[in-house]
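Each chain, letter by letter, is given below.
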Amino acid sequence: MSLQLDIVCENTVGRPIAACGEHGFACLLQTSAGRWLFDTGSGETLLANLVALHLDPRNLDGIILSHGHYDHCGGLLTLLRKTGPRRVYAHPEIFSTRFWNGQHEQRDISLPFTRNELEAAGAEFVFIKDFAELAPGIHFSGEIAREAALETGDPHLVRRTDSGDSWTTDPFADDAALAIETDKGLVILLGCAHAGLINTVEWFRRNLGEPRIHAIVGGTHLGPASDEQFSATVDYLARLEFDRLGVSHCTGQIRSAQLYAKFPNKVFFANVGTTVKI
């Protein structure tokens, strides 16, 4: 199956076009089976960047959300107002209330719209908890098994406890990714990989018969990862037979540079305006 990925929203812009960067991620995937938008960025740049990239959102077959954070779902309402009714594929916990809990601040970083608001704008939610094939050769991870010992998640990303008077680490049951079958191997598309890059890749390999990995593209959440987790991820990638790694969004500039230094013939920067054709 042929595949084209276009990075529409990301922290930076990679080439001289009339587009803007923002903290967030969105990627348009086009295959012989259809066209989907994976995530919608923070909401400030999505529609303008689609215009700058000459991409028309009105013929989308659907929208897929990787998890319920504002920087991946913030453009959803304005997109639906542009496209009209569309199916929105996601885990049912995307509407959970969640926070960034730092040393000097606590911020609500939840999906910024209610389900009622989105459905009024045309969202037709398809909630998926388990591994599923959305279209021929396009697989939604569902809940990803957590087995890699060092991929324990970001302690700054939290929810309120049931009593409401303290914090608990967000388990991110809704963290999801996509795997697309191509003639060159599997292409894995990440939103933030809160479940961990290793866990995510191994989940797809286990569910799809351990296919060859051609490319991994998107946010890896290695930016805030410990040195131990980062080293374990590099070791894993060194053992994995893959061709390309497109680092983006929450990978962070330092970790992106370190990955490029480790795999100079494989790593590229997947920022706004990047196109991957297979």
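In this text, all values refer to a predicted model and were calculated from it rather than measured experimentally. (Residues numbered from 1 in each chain as written. Predicted model: local features only at pLDDT ≥ 70, side-chain atom pairs only at ≥ 80, totals over all residues. Heavy atoms only, no water.)

Visitor: In this structure, what is going on with the overall build of the protein? I would like to understand it.
Guide: For the protein, the helix and strand inventory stands at seven helices and 18 strands. Whereas a compact globule of 278 residues would reach a radius of gyration of roughly 19 Å, the protein reaches 17 Å, a difference of no more than 12%. Judged by the C-alpha coordinates and their principal axes, the protein covers about 50 × 50 × 40 Å. Every one of the 278 residues in the protein was classed for burial, and the buried ones make up 57%. (Helix = DSSP H or I, 4+ residues; strand = E, 2+ residues; numbered from the N terminus. Rg over C-alpha atoms; globule rule 2.2 N^0.38 Å. Buried < 20%, exposed > 50% of the residue type's maximum accessible area, 1.4 Å probe, protein only.)

Visitor: Where do I start with the layout of surface pockets in this structure?
Guide: Think of a ball as big as a water molecule: rolled over the atoms, this probe shows where empty space is left. Considering only enclosed or pocket space, the largest pocket measures out at about 380 Å³ in volume. H23, W100, H221, P224 and C250 are, among the 21 residues lining the largest pocket, the residues nearest its centre. With three residues, the top contributor of residues to the lining of the largest pocket is helix α2 (residues 70-73). Looking at side-chain class alone, the lining of the largest pocket contains seven nonpolar, eleven polar and three charged residues. (1 Å grid on protein atoms, 1.4 Å probe; cavity = no way out; pocket = protein on both sides within 12 Å on 5 of 7 lines; lining within 4 Å. Points joined across faces, edges and corners; volume = space filled by probe spheres on them. Nonpolar A, V, L, I, M, F, W, Y, C, P; charged D, E, K, R; others polar.)

Visitor: Just to check I follow, could you spell out the pairing of strand β1 (residues 3-9) for this structure?
Guide: For a regular strand, the rule is simple: side chains alternate between the two faces of the sheet. Among the seven residues of β1, six are classified as buried, and the element is accordingly described as predominantly covered. Here six bridges tie β1 to strand β2 (residues 26-31), and the two strands are oriented antiparallel to one another. The partner of L5 across the bridge, within β2, is L29. The pairing of β1 with strand β18 (residues 275-277) spans three bridges and is classified as antiparallel. (Pairing = 2+ DSSP bridges.)

Visitor: Sorry if this is basic, but what is going on with the pattern of salt bridges here?
Guide: Where charged atoms from two side chains of opposite charge come close, those side chains can pair. Under the defined criterion, the tally for this structure stands at eleven salt bridges. The partner of D227 in a salt bridge is R255, with the nearest N and O atoms 3.0 Å apart. Linking D227 in helix α6 (residues 227-239) with R255 in helix α7 (residues 253-262), this pair joins segments that are 28 residues apart in sequence. Look at D227 and you get exposed, because its relative accessible area is 52%. In this structure R255 comes out as buried when scored by relative accessible area, which is 9%. Residues joined in a network through salt bridges with shared partners are E93, R98, R159, D170 and D174. (Salt bridge = Lys/Arg side-chain N within 4 Å of Asp/Glu carboxyl O.)

Visitor: Could you clarify how one ought to interpret the packing of helix α5 (residues 197-207) against α6 in this entry?
Guide: For any two helices packed against each other, the geometry comes down to the angle between their axes and how far apart the axes lie. Running from amino to carboxyl end, α5 crosses α6 at an angle of 35°, the nearest separation of the two axes being 10 Å. Residues L197, I198, V201, E202 and R205 of α5 lie in contact with α6, whose contacting residues are A232, T233, Y236 and L237. Within the contact of α5 with α6, the residues separate by chemical class into six nonpolar, one polar and two charged. (Axes fitted to C-alpha atoms, helices over the stretch in contact; angles between N-to-C directions. Contact = heavy atoms within 4.5 Å.)

Visitor: Would you take a moment to explain the packing of α6 against α7 for this structure?
Guide: Contact geometry for α6 and α7: axes closest at 12 Å, N-to-C directions at 35°. Relative to α7, the crossing made by α6 is right-handed. Within the contact between the two elements, α6 uses D227, F230, V234 and L237 and α7 uses R255, Q258, L259 and K262. Here the contact of α6 with α7 is composed, by residue class, of four nonpolar, one polar and three charged. (Left-handed = near helix turned anticlockwise from the far one by under 90°.)

Visitor: What's the story with the sheet that holds β18 in this structure? I'm lost.
Guide: By way of backbone hydrogen bonds, the strands of a sheet pair with one another, either parallel or antiparallel. Taken together, seven strands build an open sheet; the order of strands is β8-β5-β4-β3-β2-β1-β18 and the sheet is mixed. Because the sheet does not close on itself, it has two edges, and the strands there are β8 (123-127) and β18. Between one strand axis and the next, the sheet turns through 20° on average, direction left out of account. In this structure, strand β4 (residues 62-64) lies alongside strand β5 (residues 86-90), joined through two bridges in parallel fashion. Residue pairing for β5: I64 is matched across the bridge by Y89.

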